[in-house]
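# Structure assessment
Each chain, letter by letter, is given below.
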Amino acid sequence: MLLLSIVDSALVAINIFNAFVLFAQLHPVESPLKKHLLDRMLRMVSGFHSTNGVFVVLLSLLCTTTWSATRYYQEDDAAMLIRAIISGYSLACTSIFVKLSHQMLKLSIDRLLELEKEVARHDICNFTPPTKSVMDALMTPYKPFISVESTGLERIPSNTPHLFVSNHSLYGIEMPLLVNQLYQYKDTFPRGLADHIHFATLNGPIIRAFGAVDGTKENVDALMEKGESVLVYPGGGHEVLKHSKVPRYELMWKQRVGFARCAIKHGYPILPCACVGTEDMFESVCDIPVGYRGLVAPISVTKPSKLQKVYFWFGAPIETKQYNGEYTRDEYAQEVRDKAKMAIEAGIKELKARQANDPERYTVDQYKSKIRSKFSSSSVSAAVSDDEHSKED
């Protein structure tokens, strides 16, 4: 029994180690944890390689697999069959990881990351957006609760890539809606720039499916060189995880000019966008510090009476070709940033006025209007039918 306990414990330990190696290798290169995971993995693996530990582990797994299989055939013990299968699987996985790690040890961590980023950029540039019907179907969870109204879509020139710059709302609920509006009505699928931290969470695969990429200069260059439209939120995580003391829809850009430099570098026109509606749905409960770049996790609640329409505004393009690609000049970048910021703040103000005077702002009122309209049309149809019967009589 003691021997079996030692064997089982060793199998558990080996598979935990294999799971860590797999996690480190498959972890998205955009994640801020990637370099630390690779560094830790290579340190552990190099220790095994330098002490012949790998040979001992593989030999032990081979012996365990053989011994367990033999015991199963001799005693018809189901537990031994399971042990043989697990140890055989562990042997196969460990052999593969040993080969991979041996190749990885020949390269530096920086070179490994560089190779992964090259592959990621290839995937980014070869991204194919979903069809319009599929994209619209993905919006189905929103439709019973949130309607959308857009202003200024006619200002967006066709067949021209743009850098769409917008305010981010609490929890980032508006991003899929904005992308869908541009895709359905302007045949433009902008590639959203996301913070590194998104790709370290379960949210990563979801936003990647919507075409989002890690917001690095290299990725932006790759997209713009290909002529793709790009969507950026300069406020980033600070606007998504907005502190309850910050006024609703306030821009939190600080002194960021990165998006302006990218636009100037590639001569991209900036298309200012604004969004209002999502932050009015929530009532703050508390803010929990997350210990990352001063961000908090705002805890908010909503109720059916707070659900309402989301409004989008699209402004006139802000040209950048007149700067002749001189993106390193601070005064040019600041000028472009200030123009975009002023336009978006004006758009937010316009949307707030539209929101305040909209009789069907709230979802409840929209449903009431639909019900009244339905009963009204039914009454009219009944009245017409009665008139026709009267004439016949």
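See the structure shown above.
Below: a short report on this structure.

Basis of the calculations
One numbering rule holds for all chains: residues counted from 1, following each sequence as written. Whole-chain, interface and lining totals are the exception, using all residues; otherwise, since this is a predicted model, local features are given only for residues with pLDDT of at least 70 and side-chain atom pairs are given and counted only at 80 or more. As a rule here, side-chain values come from all non-hydrogen atoms in the structure, and water together with hydrogens is ignored. Put simply, DSSP H or I for four residues or longer makes a helix, DSSP E for two residues or longer makes a strand, and each gets a number counted from the N terminus. With the radius of gyration taken over C-alpha atoms, the globule rule is written as 2.2 Å times the number of residues to the power 0.38. Note on exposure labels: buried denotes an accessible area under 20% of the residue type's maximum, exposed denotes more than 50%, and partly exposed covers the range between, all computed with a 1.4 Å probe on protein chains only. Should DSSP find at least two bridges between two strands, the strands are regarded as paired. Residues are treated as being in contact if the distance between any of their heavy atoms lies within 4.5 Å. As a rule, the C-alpha atoms of each element are fitted with a line to give its axis, helices using only the stretch in contact, and angles between N-to-C directions run from 0 to 180 degrees. In these notes, a set of buried Ala, Val, Leu, Ile, Met, Phe, Trp, Tyr and Cys residues joined through side-chain atoms within 4.5 Å is what counts as a nonpolar core.

### Looking at the overall build of the chain
- What the chain contains, in helices and strands, is 13 helices and nine strands.
- For 393 residues, the compact-globule estimate of 2.2 N^0.38 gives 21 Å, and the C-alpha radius of gyration of the chain, at 29 Å, exceeds that figure by more than 25%.
- Overall size of the chain, expressed as C-alpha extent along the three principal axes, is 95 × 75 × 40 Å.
- Within the chain, buried positions represent 42% of all 393 residues.

### A word on the sheet that holds strand β5 (residues 230–232)
- On the basis of which strands lie adjacent, the open sheet formed by seven strands has the order β1-β9-β6-β2-β5-β3-β4 and mixed pairing. Single-partner strands in this sheet number two, and they are β1 (148–151) and β4 (213–214).
- Across three bridges, the pairing between strand β2 (residues 163–166) and β5 is parallel. Paired with Leu163 across the strands is Val230, a residue of β5.
- Along the sheet, helix α12 (residues 330–356) contacts β1, β2, β6 (270–276) and β9 (310–314); its crossing angle with β6, the most-contacted strand, is approximately 35°.

### As for the nonpolar core
- Membership of the largest hydrophobic core comes to 35 residues, with the highest contact counts inside it found for Leu163, Val165, Phe259 and Ile270.
- Within the residue set of this core, elements represented by two or more residues are β2, α9 (217–225), β5, α11 (258–266), β6, β9 and α12.
- At eight residues, the largest contribution of residues to this core is made by α12.
- Those residues within four positions of Val165 in sequence are excluded, and the remaining contacts are Val232, Pro234, Trp253, Phe259, Ile270, Leu271, Pro272, Cys273 and Ile344.
- With 32 residues, the next largest nonpolar core counts Ala194, Phe199, Met281 and Val310 among its residues.

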